[in-house]
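Below, each chain spelled out in residue letters.
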Amino acid sequence: MNDTAHATGRSDNAAADTHRKALEVNLDPTSFGSFAEIGAGQEVARWFLRVGAASGTVAKTVSAYDKEVSDDLYGSGTRYVSRPRLETMLDHEWKSLVQQIGDTRGKDTRLFAFADTIAARNFAGTNDCHGWIGVRFQDQPRAEASHILLHVNLRDNSNLLQQEAVGILGVSLLHALLSERAAPGDLPARMFDSLANDRIEIDQIVMGGRAFAGCDVRELHMALARDGRAEAVTLDSDGVAVAANEFLYRKSVAIAPLASDPRDDLSPEAFAACLATLRREVAGNPEVKDVIDVRLMIVDSDTPLPAMGEGAAMMMRHRQLYRATAFVRRYTQAPLRFAVPLPALIRVLDDVRYQHLEGRLLEGIARLFGSNVRVLAYPCSREELLPLLETELGRGWEVDDGRQWITADQLRPAPPLVHLYEYLLASGFLVAIPPS
């Protein structure tokens, strides 16, 4: 990559690929539409206007930066960077497009309306950099319109780079829909053709209409997490993906990791007790909007897609709990609790999980126990725990006495880990939950 490309964060190949895609859309006589963009410039429309032949694609571009102008066009009463605002923009622009050119061009042309509303990095660098991008389009002339909406998190560290990423993503999305006619399941890969996963995240996709008939949206969201196109995808209690900045904002969170090994799963009763304890702890705290319980689902490439249970969930590809801490802390500083049975605790303290870190286990533990983070270790029956202690994973761990139910303070690893373990217990980072 040359110095100029380094300065902008874009390789020559990425620019050439985006140029090619925009030009291919412009040269396609069967698609025609409008662009409405708020925030982060008119980066998507700019590509189509500068590559040539834009008159074959662009009916109109508009950028209503001023709030009063935006309200005059799209109405007031919604946050400016939100799904309702995006949907209002698409409704307005689609209706206008169809009224203005539907009769003259609609017979042989697939119409589309592209819109985005973005909060790019402000001058002070203090805001949540995210936005909504959407397209309403016809997959055939005169067809009923389909739609796709994306919630994106902008991960670049400058406003310029974030604008650029939005432009590349928007061009790739339109190219995939209009020129490639990509299958719904292929859309994430197509949209990230010229974008590294660490530049932008897509953590919510909403789609509807005949172009997406039969698409499994849940599987699509699992793929986003599995392939690293989102650090995590959050699902509400109905199993519907929701943007994490809305789902987690100012909420206190109890997380129970789900595992393929049933010994690592927490009983519903134990998790309910954890949630009740957390509610009592934050009661009356005006900084905490709510308390939520979340099942942590691992969807990495080495495991099949897990079955969804009841309740809210967070899908991640990483098995290390400190990754979940970092993700949750992007949106809330309220108390965070991990609820795990003893077999899962032993796995959390397995040094093998942290070989990729320079500080190995010590660094992983330091990242896990961020501000106001605790691990609640729930007891395990002796007959379930002892077989695990005979495996390689449990080598060196011992149980203090012969009780039927073993708690975390009756369990000890071999030195030198025992010293860290006793510190975690004594300091309250690790809480030994007694048998009920």
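Before reading on, note that the structure itself is shown above.
Residues numbered from 1 in each chain as written. Predicted model: local features only at pLDDT ≥ 70, side-chain atom pairs only at ≥ 80, totals over all residues. Heavy atoms only, no water.

**Observations concerning the overall build of the protein chain**
- Within the protein chain one finds 15 helices and 18 strands.
- For the protein chain, the spread of C-alpha atoms along the principal axes amounts to about 85 × 50 × 45 Å.
- Of all 436 residues assigned to the protein chain, the portion counted as buried reaches 53%.
- For the protein chain, the proportion of contacts with a sequence separation of at least 24, taken over those separated by at least 6, is 68%.
- In the structure as shown, the protein chain presents an accessible area of about 19300 Å², 50% of it carried by carbon and sulfur atoms.
- Separation between the mean location of the 47 positive side-chain charges and that of the 59 negative ones in the protein chain comes to 2 Å. (Helix = DSSP H or I, 4+ residues; strand = E, 2+ residues; numbered from the N terminus. Buried < 20%, exposed > 50% of the residue type's maximum accessible area, 1.4 Å probe, protein only. Contact = heavy atoms within 4.5 Å. Areas by Shrake-Rupley, 256 points an atom, 1.4 Å probe, with all protein chains shown as cover. Lys, Arg positive; Asp, Glu negative; His and termini not counted. Charge placed at Lys NZ, Arg CZ, Asp CG, Glu CD.)

**Regarding the packing of aromatic side chains**
- What the rule picks out here adds up to nine aromatic pairs.
- Judged by centre distance (5.6 Å) and plane angle (80 degrees), the rings of F35 and F112 are edge-to-face. Here F35 is found in strand β1 (residues 31–38), whereas its partner F112 is found in strand β3 (residues 110–119), with 77 residues between them in sequence.
- Under the relative-accessibility criterion, F35 is labelled buried at 0%.
- Since its relative accessible area comes to 0%, F112 is described here as buried.
- Where Y423 meets F429, the ring centres are 6.4 Å apart and the plane angle is 40 degrees; that geometry is what we call tilted.
- Through a chain of ring-to-ring contacts, three or more aromatic side chains come together here, namely F35, F48, F112 and F114.
- We note R50 situated over the ring of W47; from NZ or CZ to the ring centre the distance is 3.9 Å. (Phe/Tyr/Trp six-rings, centres within 6.5 Å; stacked < 30°, edge-to-face > 60°. Lys NZ or Arg CZ within 6 Å of the ring centre and 35° of its normal.)

**Focus on the pairing of β3**
- In terms of burial, β3 is a largely internal element, 10 of the 10 residues being buried.
- Strand direction decides the pairing type here: β1 and β3, joined by eight bridges, are parallel. The residue of β3 that forms the bridge with E37 is D116.
- Pairing between β3 and strand β4 (residues 130–137): eight bridges, direction antiparallel. When the bridges of β4 are listed, A119 appears paired with H130. (Pairing = 2+ DSSP bridges.)

**Let's talk about the packing of helix α2 (residues 12–27) against helix α6 (residues 159–179)**
- Running from amino to carboxyl end, α2 crosses α6 at an angle of 45 degrees, the nearest separation of the two axes being 9 Å. For the element pair α2 / α6, the angle class is oblique. When you trace α2 past α6, the crossing you get is left-handed. Only I168, V171, S172, H175, L178 and S179 of α6 make contact with α2, whose side of the interface consists of T18, R20, K21, A22, E24 and V25.
- Split into classes, the residues belonging to the contact of α2 with α6 amount to five nonpolar, four polar and three charged. (Axes fitted to C-alpha atoms, helices over the stretch in contact; angles between N-to-C directions. Parallel < 35°, antiparallel > 145°, perpendicular 65-115°, else oblique. Left-handed = near helix turned anticlockwise from the far one by under 90°. Nonpolar A, V, L, I, M, F, W, Y, C, P; charged D, E, K, R; others polar.)

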